[in-house]
Amino acid sequence: MTTSTTRPHAHRTSPATGSRRVRNVAPGLAVSAVAVVVAWCVHRLAGPVPMLTAALLLGIVAVNTGVLPDATRAGTRFAARTLMRAGVVLLGLQVSLSDIAGLGWQTIAMTVAVLLATLLGTPWLGRLMGLPHRLSLLVAAGCAICGASAVAAVDGVLGARGDRGDRETGDRTDDGEREGDAATAVAVVMLCGTLAIAVMPVLGHLLGLSAYDEGRWAGASVHDVGQVVATATALGPAAVVPAITVKLVRVAMLAPVTTVIGLRARRGAASGTRRPAVLPVFLIAFVAMVLIRSTGKVPTDLLNDVSVVKDLLFAAALFGLGTAVRVRLLVRTGHRALLLGLTSWVLIAGVSYAGVLLTR
């Protein structure tokens with residue numbers, strides 16, 4: 001009879017715990033929501049500046065100018081992790097297997113080859129530059145697959161302390177360093193992808209590519225989905241559809257690539273540490289969304305609404321990631337990370353250009 005009194009007491013404390021967590025994250029989420037509105041306004045007033053890039057820069061400026069109180073930290077971290085993962089799930093509704101199949105096997109093979117070259121070449125370049133393996137791998141994922149969402153996905157499957165590559169180089173990462181690596185990788189990838197919006201339309205015309213091939217080139221080499229759309233729009237109407245479709249092939253590779261990285265991280269995990277999940281729940285949900293979209297039964301209006309929600313979630317998440325970028329710390333390795341991002345972008349642009357020529 002006496003033992004039954006402890007369990008009801010435990011149940012009574014649960015709502016209080018949940019309420020306390022809500023209070024902890026509320027200030028940071030409120031600031032993130034304001035930042036999303038400001039980023040949207042910046043994009044509307046300065047069209048070439050994507051909303052996601054503006055949100056990331058706002059986070060970096062806010063934390064380094066000291067205007068964010070400590071009370072917002074829990075909420076911005078929640079946005080950077082949880083809202084980012086929710087956005088990745090909704091990203092799955094943009095991928096239709098039938099659209100990908102319509103490209104033909106040559107273009108699909110070219111896109112996958114470019115992705116693999118970037119995933120293998122960027123960490124190798126990172127080692128030459130003396131960067132941590134984790135940071136190099138995160139930059140590689142962001143460049144090769146789909147920008148910030150790929151960084152978040154790969155970060156989610158890497159071990160808590162030094163994956164195999166980090167143990168080989170002697171690196172160890174705590175939670176703060178992990179957050180800093182992810183934020184640095186996102187900042188580098190977003191900057192390079194934004195640069196592509198201005199540079200690639202000029203290069204495409206100079207290289208004499210057709211609008212269709214310019215679109216395929218942009219889709220195979222520009223990092224984020226929104227950046228691909230912006231680049232293709234600058235290239236012309238005929239480039240938009242092939243650019244987005246090729247890009248979705250890369251997005252569709254998010255789950256299999258992350259699974260492979262997760263398996264390697266589990267094998268390389270140090271004894272006594274918690275092994276990361278091979279495929280986190282949010283990536284399983286991403287795959288489910290791809291399959292749902294591929295049925296062809298999702299209303300177009302719903303897809304449009306989901307796309308807007310996805311962008312808002314990503315903007316809030318990127319603001320949160322921006323608040324993890326400390327310029328003082330970034331100065332020490334930031335120039336090397338930026339050089340890695342630019343070199344990786346040149347790599348992916350060069351390999352994809354060759355691929356486009358070979359598959360004409």
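All values reported here derive from a predicted model rather than from experimental measurement.

Engineer: Hey, could you go over the overall build of the protein chain for me, with residue numbers and the actual values?
Structural biologist: Counting its regular elements, the protein chain contains 16 helices and 0 strands. Each of the 360 residues in the protein chain was classed as buried or not, and the buried ones make up 49%. In the protein chain, 81% of the contacts between residues at least 6 apart in sequence involve partners at least 24 apart. Carbon and sulfur atoms make up 66% of the accessible area of the protein chain, which totals about 16,500 Å².

Engineer: Tell me about the nonpolar core, residues and numbers included.
Structural biologist: Judged by nonpolar contacts, the single largest core of 99 residues is most densely connected at Leu254, Phe286 and Leu318. It is helix 9 (residues 175–206) that provides the largest number of residues to this core, a total of 11 residues. When neighbours within four sequence positions are excluded, phenylalanine 286 is seen to be in contact with Val88, Val89, Leu91, Gly92, Val251, Leu254 and Ala255.

Engineer: Help me get a handle on the confidence of the model for the protein chain, residues and values and all.
Structural biologist: The predicted model of the protein chain has a mean per-residue pLDDT of 82, with 84% of residues at 70 or higher. Considering each helix and strand of the protein chain separately, the mean pLDDT is smallest for helix 8 (residues 164–169), with a value of 42, and largest for helix 5 (residues 105–128), with 93. Note on residues 1–13: pLDDT under 50 across the span, and 0 contacts to partners over four residues away in sequence or across chains. Every residue in residues 161–173 is under pLDDT 50, and counting partners more than four places away or in other chains gives 28 contacts.

Engineer: So, the pattern of salt bridges: which residues are in play, and what are the values?
Structural biologist: Going through the model one piece at a time under the given rule, you end up with 4 salt bridges. One salt bridge in this structure joins aspartate 213 and arginine 360, with 3.3 Å as the shortest N-O distance. You can see aspartate 213 sitting in helix 10 (residues 211–221) and its partner arginine 360 sitting in the segment after helix 16 (327–358), a full 147 residues away along the chain. Residue lysine 310 is joined to aspartate 311 by a salt bridge in which the shortest nitrogen-to-oxygen separation is 2.7 Å. For lysine 310, a relative accessible area of 5% translates into the label buried. Owing to a relative accessible area of 28%, aspartate 311 belongs among the partly exposed residues under this scheme. Here the salt bridges share partners, and the residues they tie into one network are Asp213, Arg216 and Arg360.

Engineer: Report on the packing of helix 5 against helix 6 (residues 133–146), specifying residues and quantitative values.
Structural biologist: In a packed pair of helices, the relevant descriptors are the angle between the two axes and the axis-to-axis distance. Packing of helix 5 against helix 6 brings their axes to within 8 Å, and their N-to-C directions diverge by 155°. Taken together, the axis directions place helix 5 and helix 6 in an arrangement best described as roughly antiparallel. The interaxial crossing formed by helix 5 with helix 6 has right-handed handedness. Residue-level inspection shows Leu115, Thr118, Leu119, Thr122, Pro123 and Gly126 of helix 5 in contact with helix 6, the latter providing Ser136, Leu137, Val139, Ala140, Ala141, Cys143, Ala144 and Ile145. The residue makeup of the contact of helix 5 with helix 6, split by class, is 10 nonpolar, 4 polar and no charged.

Engineer: Quick rundown of the side chain of serine 344? Include the residues and the values.
Structural biologist: Positionally, serine 344 belongs in helix 16. You can call serine 344 buried: its relative accessible area is 0%. Apart from residues no more than four positions distant in its own chain, serine 344 is found in contact with Thr118, Thr122 and Cys143.

Engineer: Run through a nonpolar patch on the surface, naming residues and quoting values.
Structural biologist: On the surface, a nonpolar cluster with roughly 300 Å² of combined accessible area is contributed by Leu191, Leu195, Leu338 and Leu342. At the level of secondary structure, the elements contributing two or more residues to the nonpolar patch comprise helix 9 and helix 16. Position of leucine 342 among the secondary structure elements: in helix 16. We classify leucine 342 as partly exposed; its relative accessible area is 31%.

Engineer: Let's hear about the environment of threonine 259: which residues, and what values?
Structural biologist: Counting through the fold element by element, threonine 259 comes out in helix 13 (residues 254–268). Expressed as a C-alpha distance, the spacing of threonine 259 and proline 280, which sit 21 residues apart in the sequence, is 9.0 Å. Polar side-chain contacts of threonine 259 include one of 2.8 Å to the backbone oxygen of alanine 255.

Engineer: Before we move on, could you go through helix 12 (residues 237–252) and cite the residues and values that matter?
Structural biologist: The end-to-end C-alpha distance of helix 12, which contains 16 residues, comes to 24 Å, matching closely the 22 Å that a straight helix rising 1.5 Å per residue would cover. Taken together, the buried positions of helix 12 are Ala239, Pro242, Ala243, Thr245, Val246, Lys247, Leu248, Val249, Arg250 and Val251.

Engineer: An account of the packing of helix 11 (residues 225–235) against helix 12 is needed here, citing residue identities and associated values.
Structural biologist: The interhelical angle for the contact between helix 11 and helix 12, taken along N-to-C directions, is 160°, at an axis separation of 8 Å. In terms of their interaxial angle, helix 11 and helix 12 are classed as roughly antiparallel. Helix-helix and strand crossings are classified by hand; for helix 11 and helix 12 the assignment is right-handed. In this structure, helix 11 contributes Val225, Val228, Val229, Ala232, Thr233 and Leu235 to the contact, and helix 12 contributes Ala239, Val240, Ala243, Ile244, Lys247 and Val251. Residue composition of the contact of helix 11 with helix 12, by class: 10 nonpolar, 1 polar and 1 charged.

Engineer: Please give an account of the side chain of aspartate 224 that cites residues and values.
Structural biologist: Tracing the backbone shows aspartate 224 in the loop between helix 10 and helix 11. For the buried aspartate 224, no salt bridge is present, and the opposite-charge side chain at shortest range is lysine 247, 6.8 Å distant. Excluding anything up to four places from it in sequence, aspartate 224 contacts Leu52, Cys146, Gly147 and Lys247.

Engineer: Give me the lowdown on the state of the cysteines, citing residues and values where you can.
Structural biologist: On inspection of all chains with the given rule, the structure shows 0 disulfides. Cysteine 192 takes part in no disulfide bond, and the closest cysteine sulfur, belonging to cysteine 143, lies 6.2 Å away. Since its relative accessible area comes to 1%, cysteine 192 is described here as buried.

Cut-offs used in this document
Residues numbered from 1 in each chain as written. Predicted model: local features only at pLDDT ≥ 70, side-chain atom pairs only at ≥ 80, totals over all residues. Heavy atoms only, no water. Helix = DSSP H or I, 4+ residues; strand = E, 2+ residues; numbered from the N terminus. Buried < 20%, exposed > 50% of the residue type's maximum accessible area, 1.4 Å probe, protein only. Contact = heavy atoms within 4.5 Å. Areas by Shrake-Rupley, 256 points an atom, 1.4 Å probe, with all protein chains shown as cover. Core = buried A, V, L, I, M, F, W, Y, C linked by side-chain atoms within 4.5 Å. pLDDT = per-residue confidence, 0-100. Salt bridge = Lys/Arg side-chain N within 4 Å of Asp/Glu carboxyl O. Axes fitted to C-alpha atoms, helices over the stretch in contact; angles between N-to-C directions. Parallel < 35°, antiparallel > 145°, perpendicular 65-115°, else oblique. Left-handed = near helix turned anticlockwise from the far one by under 90°. Nonpolar A, V, L, I, M, F, W, Y, C, P; charged D, E, K, R; others polar. Patch = residues over 30% accessible without salt bridge, like charges linked within 9 Å, V, L, I, M, F, W, Y side chains within 5 Å. Polar contact = N/O pair within 3.5 Å; in protein donor to acceptor, adjacent residues only side chain to side chain. Expected span 1.5 Å × (residues − 1). Lys, Arg positive; Asp, Glu negative; His and termini not counted. Disulfide = S-S within 2.5 Å.

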